[in-house]
Amino acid sequence: MAIVLGPNQYGKAENRVVRVIRDSSRHEIRDLNVSTSLRGDFHDAHVTGDQAAILPTDTQKNAAFAFAKAKPLGAIEDYALNLAEHLLAQTPNATGARVSVEEYEWQRIQVGGVGHDHSFVRDGQGTRNTIVTVDDSGPARAVHVVSGIEHLTVAKTTGSEFRGFLKDEYTTLPETTDRILATSLVARWRYAGTDVDWDATHAAIKALLLERFATIYSRALQQTLYGMGEAVLEAHPAVAEIKFSAPNKHHFLVTLLPPGTENPGEVFIAADRPYGLIEASVVRDDAPDAGSAWSAVPAAC
Ligand SMILES: O=c1[nH]c(=O)c2[nH]c(=O)[nH]c2[nH]1
C-alpha cells in the first residue's frame, strides 16, 4: 500500500476586478469576478513542501488585474483566453490553466431620459460568465470555451402543464393543465472553436433562450429546456453543446379564506424549498470532443 498525491489544482478564486475606462468624461465600467487555476505536476509542493514549481496565487491575482488594464478589455472570453495562456507560459510544470470569469453588468442611470456619464445601476437580468480551459496535457494544445448565463430568473403565468406522470402510493400531486412555470436558469454552452464574435453571440443566445421560454407551450420543464437547447444549436453553428440547470420554482395555489372563496389561478404561494432540479444537456451528435472543458464546472451533468 502506498499513499500518493491525487488530482490537484490551485489558483486565486474570485478576484473582484473593476475596470473604469475614463478616456473621456463619459466613463465606462466593467465589473468582473475572476478565478484562476493551474493543474500539472505540483507533486513536490504537496509532498515535500518545495515550492520551486509554484507560481503563487498572489502572482496569479496580480496578473488578473494587470490584464484588465489592456485597452479595451474586450469580451470576457478574450480576456480569459489571454490570461490562461499567460499563466500557462509562466509555469513550466503546469499542463493546464483554467480562467473563469463572471461579469456583472451596469447600466447608465437615466437622468431626464439621458444616460448619466459616470453613474450606473446594476442590471439584474442574469450574470454572464465564461470558463476557459487551455489544456497542454495531450499531444496538442486543446482550448475550450464554455460560456453561459446564470441567475436568469424567468416566469410564465400560463402555457405550462404537468400531467400524465407515474403515480404510486406516495403520489399526491394533482395533474394540472395550467400552472405557473418559473426558474432561475443556469445555461452553459461550449463553443466548437475560438473564432467567435463573443459579445454578439452571447446576446443572441440569451435573447433566444428568453424567446423560447416564452413561446414554447410547456408540457414539463424538461421539454422547455430541450426546446431552448435545440433552438440554440439550430441557430448557432459555433455552439457544440449546451447544458442547463433549472430549479423548478414551485408556485402553489392557495386555499383562500373564508371557506368557499374561489381562486381560479390568481393567488399563489411561492415555495423556496424543496424545489425540483431539472438538468439536461443538448448536444450535436458530431460535436468535437469536450476534453476537459466541463471538468469541475458546477452544475454540469
Ligand atoms: O416540469 C416538471 N417536471 C417534473 O419532473 C416535475 N415533477 C414534479 O413534481 N413537478 C414537475 N414539473
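Computed from a prediction, not measured in an experiment: that's the story for all the values here.

Caption draft 1: Summary view of the overall build of the protein chain. When you go through the protein chain residue by residue, the secondary structure sums to five helices and 12 strands. Projected onto its principal axes, the C-alpha coordinates of the protein chain cover approximately 75 × 70 × 40 Å. Taken over 301 residues, the protein chain has a buried fraction of 41%. Look at the contacts in the protein chain between residues 6 or more apart in sequence, and 66% of them connect residues 24 or more apart. Just so you have it, the protein chain exposes about 16,400 Å², and 54% of that area is on carbon and sulfur atoms.

Caption draft 2: How the structure looks around the pairing of strand β9 (residues 239-248). β9 sits mainly inside the fold: 10 of its 10 residues count as buried. Of the strand pairs in this sheet, strand β8 (residues 181-191) and β9 are connected by six bridges, and their pairing is antiparallel. Within β9, the position partnered with arginine 190 by the bridge is glutamate 241. With eight bridges joining them, β9 and strand β12 (residues 276-283) adopt antiparallel strand pairing. In the strand pairing of β12, phenylalanine 244 is matched with alanine 280.

Caption draft 3: Seen up close, the packing of helix α2 (residues 57-66) against helix α3 (residues 76-90). Following both chains from N to C, one finds α2 and α3 inclined at 145 degrees, their axes separated by 10 Å at the closest point. Classified by chirality, the crossing of α3 by α2 is right-handed. Contacts from Gln60, Ala63 and Ala64 in α2 reach Tyr79, Leu83, His86 and Leu87 in α3. Of the residues contributing to the contact of α2 with α3, the split by class is five nonpolar, two polar and no charged.

Caption draft 4: Molecular detail of the site of the ligand. By nearness alone, every residue bordering the ligand is listed as Phe162, Leu173, Arg179, Ala220, Leu221, Gln222 and Asn248. At 2.7 Å from an oxygen atom of the ligand is found a main-chain nitrogen or oxygen belonging to leucine 221. About the coverage of the ligand: the protein hides 72% of its 300 Å² of free accessible area. With respect to the pocket detection grid, the ligand is positioned in the largest pocket.

Caption draft 5: Fine view of helix α4 (residues 198-215). Between its first and last C-alpha atoms α4 spans 26 Å; for 18 residues at 1.5 Å apiece the expected length is 26 Å, and the two agree. Of the residues making up α4, those classed as buried are Trp198, Thr201, His202, Ile205, Lys206, Leu208, Leu209 and Phe213. Within α4, the buried residues cover an arc of 165 degrees as seen down the axis, which keeps them to one side. Buried residues along α4 sit against α3, β6 (127-135), β7 (142-156), β8, α5 (221-235) and β9.

Caption draft 6: Local environment of unusual backbone geometry. Cis geometry is adopted by the peptide bond preceding proline 258, which originates at leucine 257 and carries an omega value of 0 degrees. Residue placement: proline 258 occurs in the loop between β10 (251-253) and β11 (268-270). Backbone torsion omega between arginine 273 and proline 274 reads -5 degrees, so that peptide bond is classified as cis. By the element assignment, proline 274 lies in the loop between β11 and β12.

Caption draft 7: Region of the structure containing the domain arrangement of the protein chain. Domain parsing of the protein chain yields domain 1 (8-140) and domain 2 (148-301). Centre-to-centre separation of domain 1 and domain 2, based on C-alpha positions: 29 Å. Of the residues lining the interface, 15 residues belong to domain 1; the matching set on domain 2 comes to 17 residues. Each partner contributes to the roughly 1,400 Å² buried at the junction of domain 1 and domain 2, and carbon and sulfur atoms together form 43% of this total. If you sort the residues of domain 1 by the area they bury against domain 2, Arg98, Arg128 and Asn129 come out on top, with a joint share of 34%. Summed over the shared surface of domain 1 and domain 2, the number is one salt bridge.

Caption draft 8: Quick peek at the packing of α4 against α5. The geometry of α4 relative to α5 is characterised by a closest axis approach of 9 Å and an angle of 140 degrees between their N-to-C directions. By the angle between their axes, α4 is oblique relative to α5. The interaxial crossing formed by α4 with α5 has right-handed handedness. Between α4 and α5, the contacting residues are Ile205, Leu208, Leu209, Arg212 and Phe213 on the first element and Thr224, Gly227, Met228, Ala231, Val232 and Ala235 on the second. Its residues placed into classes, the contact of α4 with α5 shows eight nonpolar, two polar and one charged.

Caption draft 9: Representation of the packing of aromatic side chains. Counted under the stated rule, the structure contains three aromatic pairs. Judged by centre distance (4.9 Å) and plane angle (15 degrees), the ring pair of phenylalanine 162 and phenylalanine 165 falls under stacked. Taking the centre distance of 5.0 Å and the plane angle of 75 degrees together, the rings of tyrosine 191 and tryptophan 198 count as edge-to-face. Residue class for tryptophan 198 comes out buried when judged on its relative accessible area of 3%.

Caption draft 10: Representation of the side chain of arginine 108 within the structure. Here arginine 108 shows up in strand β4 (residues 106-111). The buried charged residue arginine 108 lacks any salt bridge partner; its closest oppositely charged side chain belongs to glutamate 28, at an N-O distance of 5.0 Å. For arginine 108, the side chain forms a polar contact with the main-chain oxygen of histidine 116, separated by 3.0 Å. Not counting the four nearest positions on each side in its chain, arginine 108 is found in contact with Arg26, His27, Glu28, Gly115, His116, Asp117, His118, Ser119 and Phe120.

Quick notes on the rules
Residues numbered from 1 in each chain as written. Predicted model: local features only at pLDDT ≥ 70, side-chain atom pairs only at ≥ 80, totals over all residues. Heavy atoms only, no water. Helix = DSSP H or I, 4+ residues; strand = E, 2+ residues; numbered from the N terminus. Buried < 20%, exposed > 50% of the residue type's maximum accessible area, 1.4 Å probe, protein only. Contact = heavy atoms within 4.5 Å. Areas by Shrake-Rupley, 256 points an atom, 1.4 Å probe, with all protein chains shown as cover. Pairing = 2+ DSSP bridges. Axes fitted to C-alpha atoms, helices over the stretch in contact; angles between N-to-C directions. Left-handed = near helix turned anticlockwise from the far one by under 90°. Nonpolar A, V, L, I, M, F, W, Y, C, P; charged D, E, K, R; others polar. Near = heavy atom within 4 Å. Polar contact = N/O pair within 3.5 Å; in protein donor to acceptor, adjacent residues only side chain to side chain. 1 Å grid on protein atoms, 1.4 Å probe; cavity = no way out; pocket = protein on both sides within 12 Å on 5 of 7 lines; lining within 4 Å. Sits in = over half its atoms within 2 Å of the grid points. Expected span 1.5 Å × (residues − 1). Arc of directions from axis to C-beta. Domains from an automatic or database assignment. Buried area = accessible area lost by both parts, 1.4 Å probe. Salt bridge = Lys/Arg side-chain N within 4 Å of Asp/Glu carboxyl O. Parallel < 35°, antiparallel > 145°, perpendicular 65-115°, else oblique. Phe/Tyr/Trp six-rings, centres within 6.5 Å; stacked < 30°, edge-to-face > 60°. Lys, Arg positive; Asp, Glu negative; His and termini not counted.

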